[in-house]
Amino acid sequence: MSSEMRVVGVRVELPANQPILLLRETEGERYLPIWIGSVEATAIALEQQGVRPPRPLTHDLLKDVIGALGRDLEQVRITDLQEGTFFAELVFDGDVRVSARPSDSVALALRIGVPIHADESVLAEAGLIIPDEQEDEVEKFREFLDSVSPEDFRGADT
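Keep in mind it's a predicted model, so treat the numbers as computed, not measured. (Residues numbered from 1 in each chain as written. Predicted model: local features only at pLDDT ≥ 70, side-chain atom pairs only at ≥ 80, totals over all residues. Heavy atoms only, no water.)

## Here we look at the overall build of the protein
For clarity, the threshold we go by: For helices the rule is a DSSP run of H or I covering at least 4 residues; for strands it is a run of E covering at least 2, with both sets numbered from the N terminus onward. With a 1.4 Å probe rolled over the protein chains alone, any residue whose accessible area is under 20% of its type maximum counts as buried; one over 50% counts as exposed, and the rest are partly exposed. The criterion used for residue contact is that any of the two residues' heavy atoms lie within 4.5 Å. For the area figures, the Shrake-Rupley method with a 1.4 Å probe applies, and any residue is considered shielded solely by the protein chains shown.
If you tally the helices and strands in the protein, you get 5 helices and 7 strands. Burial status across the protein gives 45% buried among its 158 residues. Expressed as a percentage of contacts within the protein between residues at least 6 apart in sequence, the contacts between residues at least 24 apart total 57%. Surface exposure of the protein reaches about 8,400 Å², of which carbon and sulfur atoms provide 49%.

Pasting the structure below:
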């Protein structure tokens, strides 16, 4: 069982200067925070903002390669969490699956426009319900960042 997720955004957690990706259940209340690398954070943020670089970035290249090979990426899944490290897979047509980091998977999913899913076991372990005092998700995200540190997750998706 899994839940469809949407990207709330990427923010930089200070003072550690560590980017964090925040996903939220499309049909639920849980958020999934994942610490990611700065290159992937930039790739996700640029795509969310609709910025088109003059030359393809790595995730743009991968999208183009998938299309050139005649394959379809159907979804990405965040499948596991082991000792603070998240695992994901790219699910292609014909149920072909390729292991990938969640950060790369999300960057690619945004470019191709396919759904992002998180397995229930991952959400049960790492999903958070952020108190609803703030309706503004960005403000809730900032409050969440003030209350946690990367050590809380014992590892990063880098």
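## Examining the nonpolar core
This is how it is decided: Joining through side-chain atoms within 4.5 Å is the link that ties buried Ala, Val, Leu, Ile, Met, Phe, Trp, Tyr and Cys residues into a set, and such a set is a nonpolar core.
Counting 31 residues, the largest nonpolar core has Leu-21, Leu-23, Leu-32, Ile-44, Ile-78, Phe-86 and Ile-116 as the members making the most contacts within it. In this structure, Ile-78 is in contact with Leu-23, Leu-32, Ile-34, Phe-86, Phe-87, Ala-88, Pro-102, His-117, Ala-118, Asp-119 and Val-122, ignoring residues within four places of it in sequence.

## Quick notes on the environment of Phe-92
Note on placement: Phe-92 falls in strand E5 (residues 85-92). On a C-alpha basis, the gap between Phe-92 and Gln-75 in space is 7.2 Å, while along the polypeptide they are 17 residues apart. What Phe-92 contacts, discounting residues up to four positions off in sequence, is Ile-66, Arg-71, Asp-72, Leu-73, Glu-74 and Val-98.

## Points about the sheet that holds strand E7 (residues 116-119)
For clarity, the threshold we go by: Here, strands pair whenever DSSP counts at least two bridges between them. Comment: axis = line fitted to C-alpha atoms, over the contacting stretch for helices; angle = value between 0 and 180 degrees taken between N-to-C directions.
Reading across the sheet, the 7 strands line up as E3-E2-E1-E7-E4-E5-E6 and stay open at both edges, with mixed pairing between neighbours. Each edge of the open sheet is held by one strand with a lone partner, namely strand E3 (31-35) and strand E6 (96-100). Along the sheet, successive strands turn relative to each other by an average axial angle of 35 degrees, direction set aside. In this structure, strand E2 (residues 18-25) lies alongside E3, joined through 5 bridges in antiparallel fashion. Pairing of Leu-23 across the sheet is with Leu-32, part of E3.

## Description of the confidence of the model for the protein
Quick note on the threshold: Confidence per residue, as judged by the predictor, is encoded in pLDDT with a range of 0 to 100.
Model confidence for the protein is summarised by a mean pLDDT of 87, while 83% of its residues fall at 70 or above. Below a pLDDT of 50 lies the segment residues 154-158, which in the model reaches 20 contacts outside its immediate sequence neighbourhood of four places, other chains included.

## Quick look at helix H3 (residues 102-112)
For H3, the buried fraction is high: 8 of the 11 residues fall into the buried class. Of the residues making up H3, those classed as buried are Pro-102, Ser-103, Ser-105, Val-106, Ala-107, Leu-108, Ala-109 and Arg-111. Of the residues trailing H3, Gly-113 is marked for its positive phi of about 85 degrees.

## A look at the packing of helix H2 (residues 58-68) against H3
Worth spelling out the cut-off: Any angle from 65 to 115 degrees is called roughly perpendicular, while one under 35 is roughly parallel, one over 145 is roughly antiparallel, and all others are oblique. Definitions for this section: a left-handed crossing has its near helix turned counterclockwise from the far helix by less than a right angle. A right-handed crossing has that turn clockwise.
Contact geometry of H2 with H3 gives a least axis separation of 9 Å together with a crossing angle of 60 degrees. When the axes of H2 and H3 are compared, the pair comes out oblique. Here H2 and H3 pass one another in a crossing that is right-handed. Every residue of H3 that contacts H2 at His-59, Asp-60, Leu-62, Lys-63 and Ile-66 is listed here: Asp-104, Ala-107, Leu-108, Arg-111 and Ile-112.

## Describing a nonpolar patch on the surface
Filter applied, for reference: Residues enter patches when their relative accessible area tops 30% and they take part in no salt bridge; the joining distance is 9 Å for like charges and 5 Å for the nonpolar side chains Val, Leu, Ile, Met, Phe, Trp and Tyr. Each reported salt bridge corresponds to a side-chain nitrogen of Lys or Arg within 4 Å of a carboxyl oxygen of Asp or Glu.
A cluster of nonpolar side chains, Leu-61, Leu-62, Val-65 and Leu-69, forms an exposed patch at the surface whose accessible area comes to about 370 Å². For Val-65, the location among the structural elements is in helix H2.

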